[in-house]
Amino acid sequence: MIQTKSDAGAAGASTSATVSRWVDCAAAVFAKELRVELRTRYALSAVVLFAVITVVMVSAVLVGASVRGDVKAALVWIILLFAALSGLSRVFVREEEAGTAAILRLTAPSSAVFAGKLLFNLALIGVVELVSVPLFLLLMPVEKLQLGLLLAVLAMGGAGLASAATFTAALIAHAASGKSALHAIISFPVLMPLALLAVQATVGAFDAIPVHILRARNDVGVLGAYAIVMTTASFLLFEYVWHE
Amino acid sequence: MNNSQRSGFGAPKPSAASAPQGSPLAQIPKVLLLLMLCATTVAGFLWLPAAEGFRNPALARIVVFHVPCSIVASIASGVTMWYAIAYLATRRPMHDVKSRVSAELSLLFWILTTVTGAIFAKAQWGTYWNWDIKQGAIILLLMIYAAYFALRSAITDERKQAVIGAAYGIFATLCVPFLTYILPNSTPDTLHPKGTITTKDGLSPEYKLVLWVGVLGLTLVYVWVWRQHVALDAIRSRLAARRTPPPASGFVIVETGQ
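Given the structure is predicted, the values throughout are model-derived calculations rather than measurements.

Participant: I keep staring at the overall build of chain A and nothing clicks. Help me out?
Facilitator: Helices and strands together make up the secondary structure of chain A, namely ten helices and zero strands. Counting from the amino terminus, chain A carries its helices and strands in the arrangement α-α-α-α-α-α-α-α-α-α. A compact globule built from 244 residues should have a C-alpha radius of gyration of about 18 Å, and chain A, at 19 Å, falls within 12% of that. Within chain A, the proportion of its 244 residues that are buried is 51%. Long-range pairs, those at least 24 residues apart, make up 84% of the contacts in chain A between residues at least 6 apart in sequence. A total of about 10,700 Å² of accessible surface is found on chain A, and carbon and sulfur atoms cover 70% of it. In chain A, which carries 16 positive and 14 negative side-chain charges, the distance between the mean positions of the two groups comes to 4 Å.

Participant: Would you take a moment to explain the environment of Gly217(B) for this structure?
Facilitator: Residue and element names in this part refer to chain B. Position of Gly217 among the secondary structure elements: in helix H8 (residues 205-243). Of the residues examined, Gly217 reaches a relative accessible area of 0% and is grouped as buried. When the C-alpha positions of Gly217 and Gly78 are compared, they lie 18 Å apart, and in sequence the two are 139 residues distant.

Participant: Looking at this structure, how should I read the packing of aromatic side chains?
Facilitator: Geometry of an aromatic ring pair is reported as the spacing of the ring centres plus the angle between the planes. If you walk through the whole model with that rule in mind, you get eleven aromatic pairs over all chains. For the ring pair Phe114(A) and Phe235(A), a centre distance of 5.1 Å and an interplane angle of 80° mean the geometry is edge-to-face. In this pair, Phe114(A) sits in helix H7 (residues 110-139) while Phe235(A) sits in helix H10 (residues 210-242), placing the two residues 121 residues apart along the sequence. On the basis of relative accessible area, Phe235(A) is assigned to the partly exposed category, the value being 21%. Centroid distance Tyr83(B) to Trp226(B): 5.9 Å. Interplanar angle 40°. Geometry classified as tilted. Of the two residues, Tyr83(B) sits in helix H3 (residues 63-90) while Trp226(B) sits in helix H8, which places them 143 residues apart along the sequence. Three or more aromatic residues link up through ring pairs in this structure, and these residues are Phe92(A), Phe114(A), Phe235(A), Phe238(A) and Trp242(A).

Participant: I tried to follow the interface of chain B and chain A on my own but got confused; where do I start?
Facilitator: By convention, interface size is frequently given as the accessible area that disappears when the constituent parts associate. On the chain A side, the residues contacting the 31 residues of chain B number 32 residues. Buried area between chain B and chain A, summed over both chains or domains, comes out near 2,700 Å², and the portion from carbon and sulfur atoms is 83%. At the junction of chain B and chain A, the tally comes to zero salt bridges. Counting the contacts that link chain B with chain A gives one residue pair in polar contact (both at pLDDT 80 or more).

Scoring rules and cut-offs
- Residues numbered from 1 in each chain as written.
- Chains lettered and ligands numbered in written order.
- Predicted model: local features only at pLDDT ≥ 70, side-chain atom pairs only at ≥ 80, totals over all residues.
- Heavy atoms only, no water.
- Helix = DSSP H or I, 4+ residues; strand = E, 2+ residues; numbered from the N terminus.
- Rg over C-alpha atoms; globule rule 2.2 N^0.38 Å.
- Buried < 20%, exposed > 50% of the residue type's maximum accessible area, 1.4 Å probe, protein only.
- Contact = heavy atoms within 4.5 Å.
- Areas by Shrake-Rupley, 256 points an atom, 1.4 Å probe, with all protein chains shown as cover.
- Lys, Arg positive; Asp, Glu negative; His and termini not counted.
- Charge placed at Lys NZ, Arg CZ, Asp CG, Glu CD.
- Phe/Tyr/Trp six-rings, centres within 6.5 Å; stacked < 30°, edge-to-face > 60°.
- Buried area = accessible area lost by both parts, 1.4 Å probe.
- Salt bridge = Lys/Arg side-chain N within 4 Å of Asp/Glu carboxyl O.
- Polar contact = N/O pair within 3.5 Å; in protein donor to acceptor, adjacent residues only side chain to side chain.

Below is the structure:
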(Lines give C-alpha, C1' and ligand atoms only; values in the text may rest on other atoms or scores of the structure.)
Protein backbone atom coordinates (compact mmCIF):
# COMPACT_ATOMS: atom_id res chain seq x y z
CA MET A 1 0.00 0.00 0.00
CA ILE A 2 2.78 2.38 0.92
CA GLN A 3 4.62 1.34 -2.22
CA THR A 4 1.64 2.06 -4.43
CA LYS A 5 1.37 5.57 -3.00
CA SER A 6 5.00 6.47 -3.60
CA ASP A 7 4.95 5.01 -7.09
CA ALA A 8 1.75 6.77 -8.04
CA GLY A 9 3.48 9.69 -9.73
CA ALA A 10 5.98 7.57 -11.64
CA ALA A 11 3.94 5.62 -14.15
CA GLY A 12 0.33 4.52 -14.39
CA ALA A 13 1.16 1.08 -15.69
CA SER A 14 3.61 0.18 -12.90
CA THR A 15 1.12 1.44 -10.31
CA SER A 16 -1.62 -0.85 -11.51
CA ALA A 17 0.91 -3.70 -11.64
CA THR A 18 1.89 -3.02 -8.02
CA VAL A 19 -1.76 -2.89 -6.98
CA SER A 20 -2.63 -6.13 -8.72
CA ARG A 21 0.45 -7.78 -7.21
CA TRP A 22 -0.61 -6.54 -3.77
CA VAL A 23 -4.13 -7.92 -4.27
CA ASP A 24 -2.69 -11.22 -5.50
CA CYS A 25 -0.48 -11.50 -2.42
CA ALA A 26 -3.34 -10.73 -0.04
CA ALA A 27 -5.63 -13.19 -1.82
CA ALA A 28 -2.93 -15.88 -1.77
CA VAL A 29 -2.38 -15.44 1.98
CA PHE A 30 -6.13 -15.60 2.57
CA ALA A 31 -6.55 -18.67 0.36
CA LYS A 32 -3.66 -20.42 2.10
CA GLU A 33 -5.12 -19.70 5.55
CA LEU A 34 -8.48 -21.01 4.39
CA ARG A 35 -6.97 -24.19 2.93
CA VAL A 36 -4.91 -24.94 6.04
CA GLU A 37 -7.95 -24.29 8.19
CA LEU A 38 -10.21 -26.56 6.13
CA ARG A 39 -7.53 -29.25 6.29
CA THR A 40 -7.10 -29.23 10.06
CA ARG A 41 -10.25 -27.43 11.22
CA TYR A 42 -8.35 -26.46 14.36
CA ALA A 43 -9.60 -22.91 14.86
CA LEU A 44 -13.03 -23.58 13.41
CA SER A 45 -13.83 -26.52 15.64
CA ALA A 46 -12.27 -24.92 18.72
CA VAL A 47 -14.03 -21.60 18.31
CA VAL A 48 -17.42 -22.83 17.15
CA LEU A 49 -17.58 -25.61 19.74
CA PHE A 50 -16.50 -23.15 22.44
CA ALA A 51 -19.33 -20.80 21.44
CA VAL A 52 -21.94 -23.59 21.22
CA ILE A 53 -20.93 -25.11 24.56
CA THR A 54 -21.06 -21.73 26.31
CA VAL A 55 -24.45 -20.82 24.82
CA VAL A 56 -25.90 -24.18 25.85
CA MET A 57 -24.35 -23.89 29.30
CA VAL A 58 -25.70 -20.36 29.89
CA SER A 59 -29.19 -21.29 28.75
CA ALA A 60 -29.20 -24.49 30.85
CA VAL A 61 -28.09 -22.64 33.97
CA LEU A 62 -30.63 -19.83 33.48
CA VAL A 63 -33.61 -22.10 32.70
CA GLY A 64 -36.76 -20.73 34.32
CA ALA A 65 -35.11 -17.46 35.28
CA SER A 66 -36.47 -14.26 33.76
CA VAL A 67 -33.42 -12.69 32.12
CA ARG A 68 -33.67 -9.03 31.13
CA GLY A 69 -32.67 -7.81 27.66
CA ASP A 70 -29.58 -5.99 28.87
CA VAL A 71 -28.30 -9.10 30.65
CA LYS A 72 -28.83 -11.12 27.47
CA ALA A 73 -26.88 -8.52 25.48
CA ALA A 74 -23.99 -8.78 27.91
CA LEU A 75 -24.06 -12.60 27.76
CA VAL A 76 -24.02 -12.65 23.95
CA TRP A 77 -20.93 -10.44 23.78
CA ILE A 78 -19.07 -12.21 26.56
CA ILE A 79 -19.58 -15.50 24.71
CA LEU A 80 -18.55 -14.00 21.35
CA LEU A 81 -15.44 -12.32 22.76
CA PHE A 82 -14.13 -15.37 24.59
CA ALA A 83 -14.92 -17.71 21.72
CA ALA A 84 -13.23 -15.43 19.20
CA LEU A 85 -10.12 -14.93 21.31
CA SER A 86 -9.62 -18.69 21.60
CA GLY A 87 -9.16 -19.01 17.84
CA LEU A 88 -7.99 -15.70 16.38
CA SER A 89 -4.48 -15.91 17.79
CA ARG A 90 -3.49 -18.77 15.48
CA VAL A 91 -2.88 -16.88 12.22
CA PHE A 92 0.66 -15.66 12.92
CA VAL A 93 1.70 -18.29 15.46
CA ARG A 94 1.06 -20.89 12.76
CA GLU A 95 3.61 -19.24 10.45
CA GLU A 96 6.24 -19.19 13.19
CA GLU A 97 5.61 -22.83 14.13
CA ALA A 98 5.74 -24.02 10.52
CA GLY A 99 8.88 -21.96 9.89
CA THR A 100 7.30 -20.24 6.89
CA ALA A 101 7.33 -16.70 8.27
CA ALA A 102 10.75 -15.80 6.81
CA ILE A 103 9.77 -16.80 3.26
CA LEU A 104 6.52 -14.88 3.57
CA ARG A 105 8.45 -11.80 4.74
CA LEU A 106 10.67 -11.95 1.67
CA THR A 107 8.00 -12.63 -0.92
CA ALA A 108 5.01 -10.49 0.01
CA PRO A 109 4.51 -6.86 1.07
CA SER A 110 3.77 -6.72 4.79
CA SER A 111 0.45 -4.90 4.39
CA ALA A 112 -0.75 -7.59 1.96
CA VAL A 113 0.12 -10.31 4.48
CA PHE A 114 -1.81 -8.45 7.15
CA ALA A 115 -4.77 -7.94 4.82
CA GLY A 116 -4.92 -11.68 4.05
CA LYS A 117 -4.76 -12.67 7.70
CA LEU A 118 -7.32 -10.02 8.62
CA LEU A 119 -9.74 -11.32 5.98
CA PHE A 120 -9.38 -14.84 7.33
CA ASN A 121 -10.07 -13.73 10.91
CA LEU A 122 -13.07 -11.72 9.68
CA ALA A 123 -14.43 -14.87 8.04
CA LEU A 124 -13.81 -16.84 11.23
CA ILE A 125 -15.70 -14.28 13.34
CA GLY A 126 -18.49 -14.29 10.77
CA VAL A 127 -18.87 -18.05 11.15
CA VAL A 128 -18.83 -17.82 14.94
CA GLU A 129 -21.52 -15.13 14.91
CA LEU A 130 -23.60 -17.07 12.38
CA VAL A 131 -23.57 -20.18 14.56
CA SER A 132 -23.74 -18.83 18.10
CA VAL A 133 -26.11 -15.85 17.85
CA PRO A 134 -29.04 -17.72 16.22
CA LEU A 135 -28.51 -20.57 18.69
CA PHE A 136 -28.53 -18.07 21.55
CA LEU A 137 -31.76 -16.48 20.29
CA LEU A 138 -33.30 -19.94 19.85
CA LEU A 139 -32.52 -21.02 23.41
CA MET A 140 -33.12 -17.63 25.04
CA PRO A 141 -35.78 -15.90 22.90
CA VAL A 142 -35.98 -12.13 22.72
CA GLU A 143 -39.52 -10.83 22.13
CA LYS A 144 -39.07 -7.46 20.43
CA LEU A 145 -35.91 -8.20 18.48
CA GLN A 146 -34.65 -5.42 16.17
CA LEU A 147 -33.03 -7.66 13.58
CA GLY A 148 -31.51 -4.96 11.36
CA LEU A 149 -29.93 -3.21 14.32
CA LEU A 150 -28.56 -6.49 15.69
CA LEU A 151 -27.02 -7.37 12.32
CA ALA A 152 -25.40 -3.92 12.09
CA VAL A 153 -23.95 -4.25 15.60
CA LEU A 154 -22.63 -7.75 14.85
CA ALA A 155 -21.04 -6.59 11.58
CA MET A 156 -19.34 -3.50 13.05
CA GLY A 157 -18.37 -5.21 16.31
CA GLY A 158 -17.02 -8.20 14.39
CA ALA A 159 -14.92 -5.95 12.13
CA GLY A 160 -13.37 -4.11 15.09
CA LEU A 161 -12.79 -7.36 16.94
CA ALA A 162 -11.08 -8.91 13.90
CA SER A 163 -8.63 -6.06 13.26
CA ALA A 164 -7.68 -5.58 16.92
CA ALA A 165 -7.26 -9.31 17.52
CA THR A 166 -5.28 -9.86 14.30
CA PHE A 167 -2.78 -7.19 15.30
CA THR A 168 -2.37 -8.55 18.83
CA ALA A 169 -1.94 -12.01 17.28
CA ALA A 170 0.99 -10.63 15.26
CA LEU A 171 2.53 -9.31 18.49
CA ILE A 172 2.32 -12.56 20.43
CA ALA A 173 3.86 -14.59 17.59
CA HIS A 174 7.20 -13.30 18.94
CA ALA A 175 6.50 -14.50 22.49
CA ALA A 176 8.35 -17.53 23.82
CA SER A 177 5.48 -19.48 25.38
CA GLY A 178 1.94 -19.35 26.74
CA LYS A 179 0.73 -17.70 23.57
CA SER A 180 -3.03 -18.16 23.76
CA ALA A 181 -3.20 -16.97 27.37
CA LEU A 182 -1.01 -14.01 26.52
CA HIS A 183 -3.23 -13.17 23.55
CA ALA A 184 -6.24 -12.87 25.83
CA ILE A 185 -4.29 -10.74 28.32
CA ILE A 186 -3.04 -8.20 25.80
CA SER A 187 -6.31 -8.14 23.83
CA PHE A 188 -8.61 -7.32 26.72
CA PRO A 189 -7.56 -3.69 27.27
CA VAL A 190 -7.86 -3.09 23.54
CA LEU A 191 -11.25 -4.81 23.28
CA MET A 192 -12.81 -3.29 26.40
CA PRO A 193 -14.20 -0.16 24.67
CA LEU A 194 -15.51 -2.38 21.87
CA ALA A 195 -17.22 -4.73 24.30
CA LEU A 196 -18.88 -1.90 26.24
CA LEU A 197 -20.10 -0.20 23.05
CA ALA A 198 -21.33 -3.45 21.50
CA VAL A 199 -23.24 -4.48 24.62
CA GLN A 200 -24.83 -1.03 24.90
CA ALA A 201 -25.92 -1.22 21.25
CA THR A 202 -27.21 -4.80 21.59
CA VAL A 203 -29.36 -3.71 24.55
CA GLY A 204 -31.20 -1.43 22.13
CA ALA A 205 -31.67 -4.28 19.67
CA PHE A 206 -33.00 -6.61 22.40
CA ASP A 207 -35.34 -4.48 24.52
CA ALA A 208 -36.61 -2.12 21.75
CA ILE A 209 -37.00 0.89 24.06
CA PRO A 210 -36.97 3.96 21.72
CA VAL A 211 -34.24 5.78 23.70
CA HIS A 212 -32.06 2.69 23.68
CA ILE A 213 -32.60 2.19 19.94
CA LEU A 214 -31.55 5.77 19.31
CA ARG A 215 -28.44 5.30 21.43
CA ALA A 216 -27.71 1.98 19.71
CA ARG A 217 -27.78 3.60 16.25
CA ASN A 218 -25.20 6.09 17.47
CA ASP A 219 -23.14 3.27 18.96
CA VAL A 220 -23.09 1.39 15.64
CA GLY A 221 -21.42 4.44 14.11
CA VAL A 222 -18.89 4.60 16.93
CA LEU A 223 -18.19 0.87 16.52
CA GLY A 224 -17.51 1.56 12.84
CA ALA A 225 -15.12 4.36 13.82
CA TYR A 226 -13.39 2.03 16.26
CA ALA A 227 -12.94 -0.56 13.50
CA ILE A 228 -11.49 2.09 11.17
CA VAL A 229 -9.06 3.40 13.83
CA MET A 230 -7.92 -0.11 14.78
CA THR A 231 -7.49 -1.19 11.15
CA THR A 232 -5.51 1.93 10.22
CA ALA A 233 -3.27 1.68 13.27
CA SER A 234 -2.70 -2.04 12.63
CA PHE A 235 -1.63 -1.45 9.03
CA LEU A 236 0.72 1.36 10.07
CA LEU A 237 2.32 -0.53 12.98
CA PHE A 238 2.30 -4.00 11.44
CA GLU A 239 5.28 -3.24 9.21
CA TYR A 240 7.49 -2.67 12.29
CA VAL A 241 6.23 -5.80 14.02
CA TRP A 242 6.36 -8.08 10.99
CA HIS A 243 9.94 -7.28 9.94
CA GLU A 244 11.27 -7.86 13.45
CA MET B 1 20.14 -9.19 30.16
CA ASN B 2 20.66 -10.21 26.57
CA ASN B 3 24.05 -9.05 25.48
CA SER B 4 23.37 -8.66 21.79
CA GLN B 5 21.01 -5.83 22.63
CA ARG B 6 23.10 -4.28 25.36
CA SER B 7 26.12 -4.00 23.15
CA GLY B 8 24.03 -1.80 20.89
CA PHE B 9 24.66 1.08 23.25
CA GLY B 10 28.26 1.24 22.18
CA ALA B 11 30.07 3.49 24.64
CA PRO B 12 27.37 5.60 26.29
CA LYS B 13 28.43 9.03 27.42
CA PRO B 14 28.20 9.69 31.16
CA SER B 15 24.61 10.62 31.89
CA ALA B 16 23.73 14.07 33.14
CA ALA B 17 22.11 12.47 36.19
CA SER B 18 25.51 11.34 37.42
CA ALA B 19 27.06 14.84 37.28
CA PRO B 20 29.08 16.02 40.32
CA GLN B 21 27.51 13.67 42.87
CA GLY B 22 30.08 14.30 45.55
CA SER B 23 29.85 18.06 45.95
CA PRO B 24 27.47 19.32 48.66
CA LEU B 25 26.02 21.86 46.22
CA ALA B 26 24.49 19.01 44.22
CA GLN B 27 22.39 18.10 47.26
CA ILE B 28 20.65 21.48 47.44
CA PRO B 29 17.93 20.77 44.83
CA LYS B 30 17.15 17.46 46.55
CA VAL B 31 16.79 19.18 49.93
CA LEU B 32 14.58 21.85 48.38
CA LEU B 33 12.45 19.15 46.76
CA LEU B 34 12.11 17.34 50.07
CA LEU B 35 11.05 20.57 51.78
CA MET B 36 8.54 21.26 49.02
CA LEU B 37 6.93 17.83 49.33
CA CYS B 38 6.84 18.12 53.14
CA ALA B 39 5.25 21.56 52.86
CA THR B 40 2.57 20.21 50.49
CA THR B 41 1.75 17.33 52.79
CA VAL B 42 1.60 19.49 55.94
CA ALA B 43 -0.39 22.21 54.18
CA GLY B 44 -2.80 19.63 52.77
CA PHE B 45 -3.63 18.27 56.20
CA LEU B 46 -3.28 21.31 58.48
CA TRP B 47 -3.42 24.59 56.59
CA LEU B 48 -6.19 23.99 54.05
CA PRO B 49 -9.75 24.66 55.22
CA ALA B 50 -12.38 21.96 54.76
CA ALA B 51 -13.71 22.12 51.20
CA GLU B 52 -17.27 23.37 50.87
CA GLY B 53 -19.79 21.72 48.62
CA PHE B 54 -18.66 18.18 49.34
CA ARG B 55 -20.62 15.57 51.25
CA ASN B 56 -17.69 15.12 53.58
CA PRO B 57 -15.81 18.45 53.49
CA ALA B 58 -12.88 17.46 55.70
CA LEU B 59 -12.02 14.45 53.55
CA ALA B 60 -12.05 16.46 50.31
CA ARG B 61 -8.48 17.47 51.15
CA ILE B 62 -7.32 14.30 49.38
CA VAL B 63 -7.79 16.25 46.15
CA VAL B 64 -4.37 17.90 46.66
CA PHE B 65 -2.77 14.44 46.59
CA HIS B 66 -5.07 12.75 44.07
CA VAL B 67 -4.93 15.35 41.29
CA PRO B 68 -1.10 15.78 41.26
CA CYS B 69 -0.71 11.98 41.05
CA SER B 70 -3.02 11.83 38.03
CA ILE B 71 -1.25 14.77 36.31
CA VAL B 72 2.21 13.23 36.83
CA ALA B 73 0.89 9.85 35.64
CA SER B 74 -0.42 11.52 32.49
CA ILE B 75 2.95 13.21 31.91
CA ALA B 76 4.69 9.85 32.37
CA SER B 77 2.28 8.20 29.92
CA GLY B 78 2.97 10.94 27.40
CA VAL B 79 6.73 10.45 27.80
CA THR B 80 6.25 6.68 27.33
CA MET B 81 4.36 7.24 24.07
CA TRP B 82 6.84 9.85 22.84
CA TYR B 83 9.85 7.59 23.29
CA ALA B 84 7.98 4.54 21.94
CA ILE B 85 7.36 6.42 18.69
CA ALA B 86 10.94 7.75 18.73
CA TYR B 87 12.22 4.19 19.18
CA LEU B 88 10.22 2.82 16.25
CA ALA B 89 11.44 5.72 14.10
CA THR B 90 15.16 5.65 15.03
CA ARG B 91 15.75 2.20 16.63
CA ARG B 92 18.09 3.73 19.20
CA PRO B 93 18.06 1.38 22.25
CA MET B 94 18.25 4.35 24.62
CA HIS B 95 14.81 5.50 23.49
CA ASP B 96 13.37 2.12 24.43
CA VAL B 97 14.97 2.30 27.88
CA LYS B 98 13.50 5.76 28.41
CA SER B 99 10.07 4.57 27.27
CA ARG B 100 10.09 1.45 29.45
CA VAL B 101 11.29 3.24 32.59
CA SER B 102 8.65 5.91 32.08
CA ALA B 103 5.99 3.18 31.68
CA GLU B 104 7.02 1.67 35.02
CA LEU B 105 6.74 5.05 36.76
CA SER B 106 3.49 5.78 34.94
CA LEU B 107 1.99 2.54 36.25
CA LEU B 108 3.13 3.45 39.77
CA PHE B 109 1.49 6.89 39.61
CA TRP B 110 -1.69 5.49 38.02
CA ILE B 111 -1.95 3.03 40.91
CA LEU B 112 -1.47 5.88 43.40
CA THR B 113 -4.18 7.84 41.57
CA THR B 114 -6.54 4.86 41.67
CA VAL B 115 -6.00 4.26 45.39
CA THR B 116 -6.41 7.91 46.43
CA GLY B 117 -9.41 8.17 44.10
CA ALA B 118 -11.04 5.07 45.58
CA ILE B 119 -10.60 6.43 49.12
CA PHE B 120 -12.14 9.71 48.00
CA ALA B 121 -15.00 7.88 46.25
CA LYS B 122 -15.81 5.93 49.41
CA ALA B 123 -15.92 9.13 51.46
CA GLN B 124 -17.89 11.23 48.98
CA TRP B 125 -19.94 8.92 46.79
CA GLY B 126 -20.46 5.99 49.14
CA THR B 127 -18.61 3.18 47.31
CA TYR B 128 -14.99 2.55 46.42
CA TRP B 129 -15.86 1.85 42.82
CA ASN B 130 -18.81 3.09 40.78
CA TRP B 131 -17.69 3.04 37.12
CA ASP B 132 -17.42 6.74 36.75
CA ILE B 133 -15.91 7.79 33.38
CA LYS B 134 -12.51 8.52 34.84
CA GLN B 135 -12.54 5.27 36.81
CA GLY B 136 -13.24 3.43 33.55
CA ALA B 137 -10.35 5.21 31.87
CA ILE B 138 -7.97 4.46 34.70
CA ILE B 139 -8.84 0.76 34.85
CA LEU B 140 -8.18 0.61 31.10
CA LEU B 141 -4.78 2.31 31.53
CA LEU B 142 -3.83 -0.03 34.37
CA MET B 143 -4.78 -3.01 32.20
CA ILE B 144 -2.79 -1.65 29.25
CA TYR B 145 0.37 -1.20 31.31
CA ALA B 146 -0.05 -4.58 33.02
CA ALA B 147 -0.46 -6.21 29.59
CA TYR B 148 2.53 -4.22 28.26
CA PHE B 149 4.81 -5.68 30.93
CA ALA B 150 3.31 -9.18 30.57
CA LEU B 151 3.98 -9.02 26.82
CA ARG B 152 7.54 -7.77 27.26
CA SER B 153 8.39 -10.42 29.82
CA ALA B 154 7.14 -13.16 27.47
CA ILE B 155 9.64 -12.14 24.75
CA THR B 156 13.23 -13.22 25.33
CA ASP B 157 15.05 -11.31 22.60
CA GLU B 158 15.59 -7.73 23.80
CA ARG B 159 15.34 -6.07 20.42
CA LYS B 160 12.04 -7.83 19.69
CA GLN B 161 10.89 -6.94 23.19
CA ALA B 162 11.51 -3.26 22.48
CA VAL B 163 9.77 -3.19 19.09
CA ILE B 164 6.77 -5.28 20.15
CA GLY B 165 6.40 -3.35 23.40
CA ALA B 166 6.47 0.00 21.61
CA ALA B 167 3.98 -1.14 18.96
CA TYR B 168 1.57 -2.50 21.58
CA GLY B 169 1.88 0.62 23.72
CA ILE B 170 0.96 2.87 20.80
CA PHE B 171 -1.84 0.57 19.62
CA ALA B 172 -3.47 0.14 23.02
CA THR B 173 -3.30 3.84 23.90
CA LEU B 174 -5.48 4.57 20.86
CA CYS B 175 -8.35 2.84 22.70
CA VAL B 176 -8.33 5.23 25.63
CA PRO B 177 -10.25 8.10 23.93
CA PHE B 178 -13.06 5.67 23.08
CA LEU B 179 -13.60 4.95 26.74
CA THR B 180 -12.92 8.44 28.07
CA TYR B 181 -14.55 10.74 25.51
CA ILE B 182 -16.76 8.87 23.05
CA LEU B 183 -18.52 6.25 25.17
CA PRO B 184 -19.48 8.69 27.97
CA ASN B 185 -21.29 10.89 25.44
CA SER B 186 -24.19 8.47 25.39
CA THR B 187 -24.26 8.33 29.20
CA PRO B 188 -23.57 11.94 30.18
CA ASP B 189 -23.48 11.57 33.95
CA THR B 190 -20.15 11.78 35.74
CA LEU B 191 -19.44 12.14 39.42
CA HIS B 192 -16.16 13.96 38.92
CA PRO B 193 -16.46 17.71 39.29
CA LYS B 194 -15.78 19.42 35.98
CA GLY B 195 -13.14 22.11 35.47
CA THR B 196 -11.89 21.86 39.03
CA ILE B 197 -8.49 23.27 38.34
CA THR B 198 -9.10 25.20 35.13
CA THR B 199 -12.06 27.44 36.07
CA LYS B 200 -11.88 30.44 38.38
CA ASP B 201 -14.48 29.29 40.92
CA GLY B 202 -13.58 25.59 40.79
CA LEU B 203 -11.23 25.62 43.75
CA SER B 204 -10.29 28.23 46.33
CA PRO B 205 -6.88 29.96 45.85
CA GLU B 206 -5.40 28.10 48.84
CA TYR B 207 -6.32 24.76 47.31
CA LYS B 208 -4.95 25.78 43.93
CA LEU B 209 -1.65 26.90 45.45
CA VAL B 210 -1.12 23.66 47.37
CA LEU B 211 -2.25 21.59 44.41
CA TRP B 212 0.09 23.19 41.90
CA VAL B 213 3.05 23.09 44.28
CA GLY B 214 2.24 19.41 44.73
CA VAL B 215 2.14 18.92 40.94
CA LEU B 216 5.52 20.61 40.57
CA GLY B 217 7.08 18.60 43.41
CA LEU B 218 5.77 15.25 42.17
CA THR B 219 6.82 16.03 38.58
CA LEU B 220 10.35 16.75 39.81
CA VAL B 221 10.34 13.47 41.73
CA TYR B 222 9.24 11.68 38.57
CA VAL B 223 11.92 13.33 36.42
CA TRP B 224 14.59 12.59 39.03
CA VAL B 225 13.71 8.90 39.45
CA TRP B 226 13.29 8.50 35.70
CA ARG B 227 16.76 9.91 34.96
CA GLN B 228 18.33 7.82 37.73
CA HIS B 229 16.78 4.65 36.28
CA VAL B 230 17.84 5.48 32.73
CA ALA B 231 21.40 6.21 33.91
CA LEU B 232 21.43 2.97 35.90
CA ASP B 233 20.39 1.05 32.81
CA ALA B 234 23.20 2.64 30.79
CA ILE B 235 25.73 1.66 33.47
CA ARG B 236 24.40 -1.92 33.52
CA SER B 237 24.69 -2.23 29.77
CA ARG B 238 28.24 -0.85 29.84
CA LEU B 239 29.17 -3.40 32.50
CA ALA B 240 27.59 -6.20 30.50
CA ALA B 241 29.45 -5.10 27.37
CA ARG B 242 32.74 -5.03 29.28
CA ARG B 243 32.33 -8.50 30.78
CA THR B 244 31.69 -10.28 27.50
CA PRO B 245 33.38 -9.81 24.12
CA PRO B 246 31.08 -8.17 21.55
CA PRO B 247 28.75 -11.02 20.60
CA ALA B 248 27.68 -11.66 17.05
CA SER B 249 24.00 -10.92 16.53
CA GLY B 250 21.70 -13.26 14.62
CA PHE B 251 21.94 -11.16 11.47
CA VAL B 252 25.73 -11.27 11.38
CA ILE B 253 25.71 -15.06 11.62
CA VAL B 254 23.33 -15.35 8.70
CA GLU B 255 25.39 -13.05 6.50
CA THR B 256 28.82 -14.59 7.20
CA GLY B 257 27.39 -18.10 6.93
CA GLN B 258 26.36 -17.61 3.35
